[in-house]
Amino acid sequence: MKLKNTYTKGAILLMLTGIFILVLMFLLDSKLQTIPIISSMVIISSTCFLQALLMLFTANEINKIDETQTPGFHLKQWQNFRAFQKKQRSWNMPVYYTLLSIALGVYLYELLKNVDLWKMILTFVITYLWMLFAYFYLGKKEIKKQDAKLDHIISELKNLENQFQ
């Protein structure tokens, strides 16, 4: 239940983020409403919406796990979910961060093209260092935390199944 709630709350926050970006887009000064800026904001919000849909789909997959089944069948459902999650992660995180990086790069370039070069470079360095930190440290840390929860659930179910044999 906790795992499902995490995915659901994350999806809601991502949807709100996507809506916020779209609202900001319409409130931009007319000088900033250029095709590259509008396009990048649409790509960023679309990425948020797509990720939110994927998170809702994952929460639904967790919801499909039937706790009333035998321990062996219940264990198999969790193992299938684990395989699904690993497969999803192998393509999801790289695609998500790549789309965000490209859209954010276009947005920042267009927004900062009239400032000093060193300020633009500094902004890009700080932004992409944060994204790399988020991907390689925070993302991996969250994956380990989720994996530990799933491993605990699966090991508990294996122990339960062994007790019934």
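Attention now moves to the layout of surface pockets. There is about 510 Å³ of room inside the largest pocket. For the largest pocket, the lining is made up of 18 residues, of which Q51, M55, M93, E142 and Q146 are closest to its centre. Elements supplying a minimum of two residues to the lining of the largest pocket: α1 (2-27), α2 (35-63), α3 (71-112) and α4 (117-164). Sort the elements by how many residues they give to the lining of the largest pocket and α3 lands first, with 7 residues. Here the lining of the largest pocket is built from residues that sort into 9 nonpolar, 7 polar and 2 charged. In this structure, the second largest pocket occupies an estimated 290 Å³ of space.

Generally speaking, nonpolar side chains in soluble globular proteins are found buried as a group. Counting residues in each nonpolar core, the largest one holds 35 residues, and the members touching the most others are L3, M41, W78, F81 and Y97. At the level of secondary structure, the elements contributing two or more residues to this core comprise α1, α2, α3 and α4. Element by element, the count of residues in this core is highest for α3, at 11 residues. The residues contacting L3, other than those within four sequence positions of it, are I62, W78, F81, Q146 and L150.

Attention shifts here to the side chain of N92. Examined against the element boundaries, N92 turns out to sit in helix α3. Here the side chain of N92 touches Q51 through a polar contact of 3.4 Å, side chain to side chain.

This paragraph deals with the packing of α2 against α3. Packed helices, taken two at a time, are described by the angle between their axes plus the distance between the axes. Following both chains from N to C, one finds α2 and α3 inclined at 170°, their axes separated by 9 Å at the closest point. Accordingly, the angle class assigned to the pair α2 and α3 is roughly antiparallel. Here α2 runs over α3; the crossing is left-handed. Looking at the contact of α2 with α3, its residues break down into 20 nonpolar, 6 polar and 2 charged.

Scanning all chains against the criterion turns up 9 aromatic pairs. A ring pair is formed by F133 and Y137, whose centres lie 5.2 Å apart and whose planes are at 20°; its orientation type is stacked. On the criterion of helical spacing, the pair formed by F133 and Y137 is a turn pair, its members being 4 residues apart in helix α4. By relative accessible area, F133 is classed as partly exposed at 37%. Given the relative accessible area of 43%, Y137 is considered partly exposed. Feature note: the residues F57, W78, F81 and F84 constitute an aromatic cluster, connected by ring pairs.

Rules used in this analysis
- Residues numbered from 1 in each chain as written.
- Predicted model: local features only at pLDDT ≥ 70, side-chain atom pairs only at ≥ 80, totals over all residues.
- Heavy atoms only, no water.
- 1 Å grid on protein atoms, 1.4 Å probe; cavity = no way out; pocket = protein on both sides within 12 Å on 5 of 7 lines; lining within 4 Å.
- Points joined across faces, edges and corners; volume = space filled by probe spheres on them.
- Helix = DSSP H or I, 4+ residues; strand = E, 2+ residues; numbered from the N terminus.
- Nonpolar A, V, L, I, M, F, W, Y, C, P; charged D, E, K, R; others polar.
- Core = buried A, V, L, I, M, F, W, Y, C linked by side-chain atoms within 4.5 Å.
- Buried < 20%, exposed > 50% of the residue type's maximum accessible area, 1.4 Å probe, protein only.
- Contact = heavy atoms within 4.5 Å.
- Polar contact = N/O pair within 3.5 Å; in protein donor to acceptor, adjacent residues only side chain to side chain.
- Axes fitted to C-alpha atoms, helices over the stretch in contact; angles between N-to-C directions.
- Parallel < 35°, antiparallel > 145°, perpendicular 65-115°, else oblique.
- Left-handed = near helix turned anticlockwise from the far one by under 90°.
- Phe/Tyr/Trp six-rings, centres within 6.5 Å; stacked < 30°, edge-to-face > 60°.

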